[in-house]
Amino acid sequence: MAESRAARSIFLDAERCPEPHRLRGPVVQRRYLIGGEVRDWNGPMEEVLSPIWREDSVGPAPRPIGSYPRLTEKESLDALQSAVRACDRGRGQWPTSPVGERLAHLEQFTHRMIECREEVVRLLMWEIAKTLPDAQKEFDRTVQYIRDTIEAVKELDRASSRFSIQEGIIAQIRRAPMGVTLCMGPFNYPLNETFTTLIPALVMGNCVIMKPPKLGVLLHGPLLEAFRDSFPPGVINTVYGPGSTVIPPLIGSGAIDVLAFIGTSAVADTLRRQHPRPHRLRCVLGLEAKNPGVILPDADLELAVRESALGSLAFNGQRCTALKILFCHRSRFREFVDRFAASVDALAAGLPWEQGVTITPLPEPGKPERLRDLVEEAVARGARVANRNGGAVHGSLFMPAVLEGVVPGARLYEEEQFGPVVPIVAFDRIDEPIRYVEESSFGQQISIFGNNPEEIARLIDPLVNQVCRVNLNSQCQRGPDTFPFTGRKDSAEGTLSVSDALRVFSIRTLVAAKGNEGNKAILTDIVRGRRSSFLSTDFIF
Ligand code: G3H
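The sections below set out a description of the structure shown in this document. It should be emphasised that the depicted structure is a prediction, and the values quoted were computed from it without experimental measurement.

**Overview of the nonpolar core**
Reasoning step 1: Judged by nonpolar contacts, the single largest core of 107 residues is most densely connected at Phe195, Ile209 and Phe227.
Reasoning step 2: By residue number, the principal contributor to this core is helix H6 (residues 132-160), which donates 10 residues.
Reasoning step 3: Beyond its immediate chain neighbours, meaning those up to four positions away, Ile209 contacts Ala79, Leu80, Ala83, Val180, Thr181, Leu182, Cys183, Asn237, Val239, Leu250 and Ile256.
Reasoning step 4: Listed in part, the 30 residues of the second largest apolar core include Leu403, Tyr436, Val437 and Ile456.

Structure below.
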């Protein structure tokens, strides 16, 4: 495929990166956190290649920007031991401490984290080529998530700070931690999606081992000291290095109680199977999706084009919630495809800090080639690239491709592309997209574009039983973070939101007693004497 001019020039501009966004030399991140100690690693390092390639005499080439420790099974087991010790079978300081105390640690961490904003945002741009506004949004959204979590924990605690009496039994019911939790986030939201499991896990009293995603590791470096200074030793530990080396010893030990993993279902299945007693492993999983957009005959096309372009191509389509296939009614198909293709061609490709840029280089090695294979396979089956530079590749940059006429059987019709390729399919009867959703392996969200309330209502009822969010005249998305975020089939396990996450990282436990005088006296004494963190009517304001 032809190289576009825009594509050829972007890497040259990287040498003129403005001062605030420029990396000041290689980012050699040798440190990792275990048992409250930030350790220095003197062993082999993993090289980090930026998606922002450099242009040299023979063409574009990957740009090394730093490195991080390639830890081994030994350090992984050290991290595990440290978390197990801090947890101490539920007797540790952290899992038994009052909620108010844990919140104070989290508040301290939030202040320290905010100080790292500039550095984390800069690394988000260089490590995964997220645009400056999106990188800032990822950081700020994460801070807001922590603040909302603090409020939700208070609310949960207030509701539990009382006794219930049923059938003569007095009980206090609270949520207790699960134990040792392994958190693994994805490369597309390396900070936010790691923290949306890490933070609730911590605040509910679990002791955590965190492994950053393969891409987007360095940006966690600035936060290590904040973690060390804000939480008791062993409550949070980090491991780096190849997942195939550092993860099996953790899960295979049987000592991990919760696995929070955002990635592919194939990896999730492999991880779960490594546990010697898989029924003991609670899994919180965010997996693949192939969210469709359906454009009905009476849709407002301007709005549908705008939302679909945003939904399919924000961060180059590298969002689990991205619109990954569009179905348009045949009566509007030509008009929709032409307008959509024109709006995609108008998107600016460039470097993350450049103003107005939407399309940026892709961080996964070999991804442009994989996307090109998908496009070529669909074309060989009769599809057509409908936009001007669609599919042009230059190094790590892949110009978004709009494909019309993608047929069932083409890989692009069924597989999650997780990149800037948008297949558009014409339909005659609404049963066609509905059947697609029913037969799909995935069940996260759908977007419907139309204006007829009767028709929309007819679609809502079957679709809410196939996916977990039906979006009307709006793109698919996770937020607001207070809304439940989950999926059916191969798309998720467990529900995340600010308040749901507190539930998935904890279990309901109660203290119960027959309501006789003796027991009443014991309970009163414990509560009045403030002898227990669990059995308590203290109210957090
Ligand atoms: O990659 C999956 C993310 O949870 C999507 O979040 O819809 O806010 O981009 P978003």
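**Examining the site of the ligand**
Reasoning step 1: Taken together, the residues surrounding the ligand are Arg141, Asn188, Tyr189, Glu193, Arg319, Cys320, Thr321, Gln477, Arg478 and Phe485.
Reasoning step 2: At a separation of 2.4 Å, an oxygen atom of the ligand approaches a polar side-chain atom of Tyr189.
Reasoning step 3: Within the side chain of Glu193, a nitrogen or oxygen atom sits 2.4 Å from an oxygen atom of the ligand.
Reasoning step 4: Considered on its own, the ligand offers 300 Å² of accessible surface; in the complex 95% of this is hidden by protein.
Reasoning step 5: By residue class, the composition of the shell around the ligand is three nonpolar, three polar and four charged.

**What to know about the pairing of strand E12 (residues 282-286)**
Reasoning step 1: Burial analysis of E12 places four of its five residues in the buried class, which makes it a mostly covered element.
Reasoning step 2: Both strand E11 (residues 258-262) and E12 contribute to a ladder of five bridges, which runs parallel. By the bridge assignment for E12, Phe261 is matched with Leu285.
Reasoning step 3: Where E12 lies against strand E26 (residues 492-493), two bridges are found, and the strand directions are antiparallel.

**Remarks on the sheet that holds strand E17 (residues 384-385)**
Reasoning step 1: The strand order E17-E20-E21-E14-E13-E23-E24 describes an open sheet built from seven strands, whose pairing is mixed. Two strands close off the open sheet at either side, each with one partner strand: E17 and strand E24 (470-472).
Reasoning step 2: Strand direction decides the pairing type here: strand E23 (residues 446-449) and E24, joined by three bridges, are parallel. The residue of E24 that forms the bridge with Ser447 is Asn471.
Reasoning step 3: Packing of helix H11 (residues 301-313) onto the sheet brings it into contact with strand E13 (291-295), strand E14 (323-329), strand E21 (421-427) and E23, and relative to E14 it is tilted by some 160 degrees.

**A closer look at the environment of Arg174**
Reasoning step 1: As for its placement among the helices and strands, Arg174 is situated in strand E7 (residues 169-177).
Reasoning step 2: Beyond its immediate sequence surroundings of up to four residues, Arg174 is in contact with Asp157, Ser160, Ser161, Ile507, Arg508, Thr509, Ser533, Phe534 and Ser536.

**A few points about the packing of aromatic side chains**
Reasoning step 1: Within this structure, the stated rule accounts for 15 aromatic pairs.
Reasoning step 2: With a centroid separation of 6.3 Å and 80 degrees between ring planes, the pair formed by Tyr32 and Trp41 is classed as edge-to-face.
Reasoning step 3: For the ring pair Phe195 and Phe227, a centre distance of 5.9 Å and an interplane angle of 50 degrees mean the geometry is tilted. Here Phe195, found in helix H7 (residues 192-203), pairs with Phe227, found in helix H8 (residues 224-230); they are 32 residues apart in sequence, far enough to count as distant. Each member of the pair, Phe195 together with Phe227, is buried.
Reasoning step 4: Positioned over the ring face of Tyr189 is Lys130, at 3.8 Å from the centre of the ring.
Reasoning step 5: The aromatic ring of Phe315 is capped on one face by Lys130, whose charged end is 4.8 Å from the ring centroid.

Parameters and conventions
- Residues numbered from 1 in each chain as written.
- Predicted model: local features only at pLDDT ≥ 70, side-chain atom pairs only at ≥ 80, totals over all residues.
- Heavy atoms only, no water.
- Core = buried A, V, L, I, M, F, W, Y, C linked by side-chain atoms within 4.5 Å.
- Buried < 20%, exposed > 50% of the residue type's maximum accessible area, 1.4 Å probe, protein only.
- Helix = DSSP H or I, 4+ residues; strand = E, 2+ residues; numbered from the N terminus.
- Contact = heavy atoms within 4.5 Å.
- Near = heavy atom within 4 Å.
- Polar contact = N/O pair within 3.5 Å; in protein donor to acceptor, adjacent residues only side chain to side chain.
- Areas by Shrake-Rupley, 256 points an atom, 1.4 Å probe, with all protein chains shown as cover.
- Nonpolar A, V, L, I, M, F, W, Y, C, P; charged D, E, K, R; others polar.
- Pairing = 2+ DSSP bridges.
- Axes fitted to C-alpha atoms, helices over the stretch in contact; angles between N-to-C directions.
- Phe/Tyr/Trp six-rings, centres within 6.5 Å; stacked < 30°, edge-to-face > 60°.
- Lys NZ or Arg CZ within 6 Å of the ring centre and 35° of its normal.

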